[in-house]
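One letter stands for each residue in the lines below.
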Amino acid sequence: MSLFNVFKVAGSGMNAQTVRLNTTASNIANADTVSSSVNETYRARHPVFATLLSEEMGDAAHGVQVVNIVKDQAPLRQEYRPGHPQADANGYVYLPNVSIAEEMANMISASRSYETNAEVVSTAKQMLMRTLQLGQ
């Protein structure tokens, strides 16, 4: 793998982690929304990643891509709030299946992965600059 491919690999990782951060932010933003039915309630979303493979180099890894964003199928939270304007006929409201603790852990992990990929880009840039200086 050439040094220039490092930029593609790290860039794809940064893009994937950006999607992960945005998805996590959406989950946190909707954590306290309520609904009167199971079908209308927000469900946590999670990105699905896949490895990009280089066809020229056989099975050598060549980055990562987001192939889908799936809805979490964990059960929704149900609370009895008969006075709530969005309560159903039985007095229940439905809340998303978002765990703030899990989402914060995801956010920290995605942020650190993004930082690591940014550091890889910076290091590769420094290596290229030093290589160019050798010829002077």
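Residues numbered from 1 in each chain as written. Predicted model: local features only at pLDDT ≥ 70, side-chain atom pairs only at ≥ 80, totals over all residues. Heavy atoms only, no water.

Comments concerning helix 2 (residues 100–134)
Rule in force here: Runs of E in the DSSP output that reach at least two residues are strands. Runs of H or I that reach at least four are helices, and both are numbered from the N terminus. Under the convention used throughout, the expected extent of a helix is 1.5 Å for every residue step, that is, one less than its residue count. A 1.4 Å probe rolled over the protein chains alone gives each residue an accessible area, and that area as a share of the maximum for its type sets the label: buried under 20%, exposed over 50%, partly exposed in between.
With 35 residues, helix 2 should cover 51 Å at 1.5 Å per step; its first-to-last C-alpha distance of 51 Å lies within 8% of that length. The set of residues buried in helix 2 consists of E103, N106, A110, N117 and A124.

Brief notes about the environment of A50
Test applied: For this analysis, residues touch if any pair of their heavy atoms sits within 4.5 Å.
Residue placement: A50 occurs in strand 1 (residues 45–53). The class of A50 is partly exposed, set by a relative accessible area of 25%. In sequence terms A50 and A29 are 21 residues apart; their C-alpha atoms lie 26 Å from each other. With sequence-adjacent residues up to four places away left out, A50 is seen in contact with G63, V64, Q65 and V67.

Structural notes on the packing of helix 1 (residues 3–29) against helix 2
To keep it simple, the criterion reads: A fitted line through C-alpha atoms represents every axis, and for helices the fit uses only the stretch in contact; the resulting angles, taken between N-to-C directions, go from 0 to 180 degrees. Just so you know how the angles are binned, under 35 degrees is roughly parallel, over 145 roughly antiparallel, 65 to 115 roughly perpendicular, and the rest oblique. Each crossing gets its hand from how the near helix is turned against the far one by less than a right angle, where anticlockwise is left-handed and clockwise is right-handed. Three classes are used: nonpolar for Ala, Val, Leu, Ile, Met, Phe, Trp, Tyr, Cys and Pro, charged for Asp, Glu, Lys and Arg, and polar for all others, with Gly counted as polar.
The geometry of helix 1 relative to helix 2 is characterised by a closest axis approach of 9 Å and an angle of 160° between their N-to-C directions. As the angle between them shows, helix 1 and helix 2 are arranged roughly antiparallel. Classified by chirality, the crossing of helix 2 by helix 1 is left-handed. Across the contact of helix 1 with helix 2, the residue classes break down as 19 nonpolar, ten polar and three charged.

Brief notes about the pattern of salt bridges
Opposite charge on two side chains permits them to pair, given that their charged atoms come into close proximity. For clarity, the cut-off: Every case where a carboxyl oxygen of Asp or Glu lies within 4 Å of a side-chain nitrogen of Lys or Arg is listed as a salt bridge.
Within the structure shown, the criterion is met by one salt bridge. Taking the shortest distance from any N to any O, the salt bridge between R81 and E79 comes out at 2.6 Å. Classification of R81 by relative accessible area gives partly exposed; the value is 30%.

Quick word on the confidence of the model for the protein chain
Selection criterion: For every residue, the pLDDT score states the predictor's confidence, bounded by 0 at the bottom and 100 at the top.
A residue-level look at the protein chain finds 93% of positions with pLDDT of 70 or above and a mean pLDDT of 91. The weakest mean pLDDT in the protein chain belongs to strand 2 (residues 61–71) at 90; the strongest belongs to strand 4 (residues 92–95) at 95.

A few points about a nonpolar patch on the surface
How we decide: Patch membership needs two things, relative accessible area over 30% and no salt bridge, and members are linked within 9 Å if like-charged or within 5 Å if nonpolar (Val, Leu, Ile, Met, Phe, Trp, Tyr). Residue burial considers only the protein chains on display, and all accessible areas are found by Shrake-Rupley using a 1.4 Å probe.
On the surface, a cluster of nonpolar side chains totalling about 190 Å² of accessible area is made up of V48, V67 and V70. Along the chain, the position of V48 falls in strand 1. You can call V48 partly exposed: its relative accessible area is 30%.

Notes on the side chain of N117
By secondary structure assignment, the location of N117 is in helix 2. Look at N117 and you get buried, because its relative accessible area is 18%. Contacts of N117, omitting those with residues within four sequence positions, involve A10, G13 and M14.

What to know about helix 1
The end-to-end C-alpha distance of helix 1, which contains 27 residues, comes to 39 Å, matching closely the 39 Å that a straight helix rising 1.5 Å per residue would cover. For helix 1, every residue scored as buried is listed here: N5, A10, S12, G13, M14, A16, Q17, R20, T23, T24 and N27.

Regarding the side chain of N97
For clarity, the threshold we go by: The definition of a polar contact used here is a pair of N or O atoms within 3.5 Å, where within protein one atom must be able to donate a hydrogen and the other to accept one, and adjacent residues in sequence count solely through side-chain atom pairs.
Along the polypeptide, N97 turns up in the loop between strand 4 and helix 2. Reaching out from N97, the side chain makes a polar contact with the backbone nitrogen of A44 at a distance of 2.8 Å. In this structure the side chain of N97 is engaged in a polar contact, spanning 3.1 Å, whose partner is the backbone oxygen of D72. Those residues in contact with N97 that lie beyond four places of it in its chain are Y42, R43, A44, D72, Q73, A74, P75 and L76.

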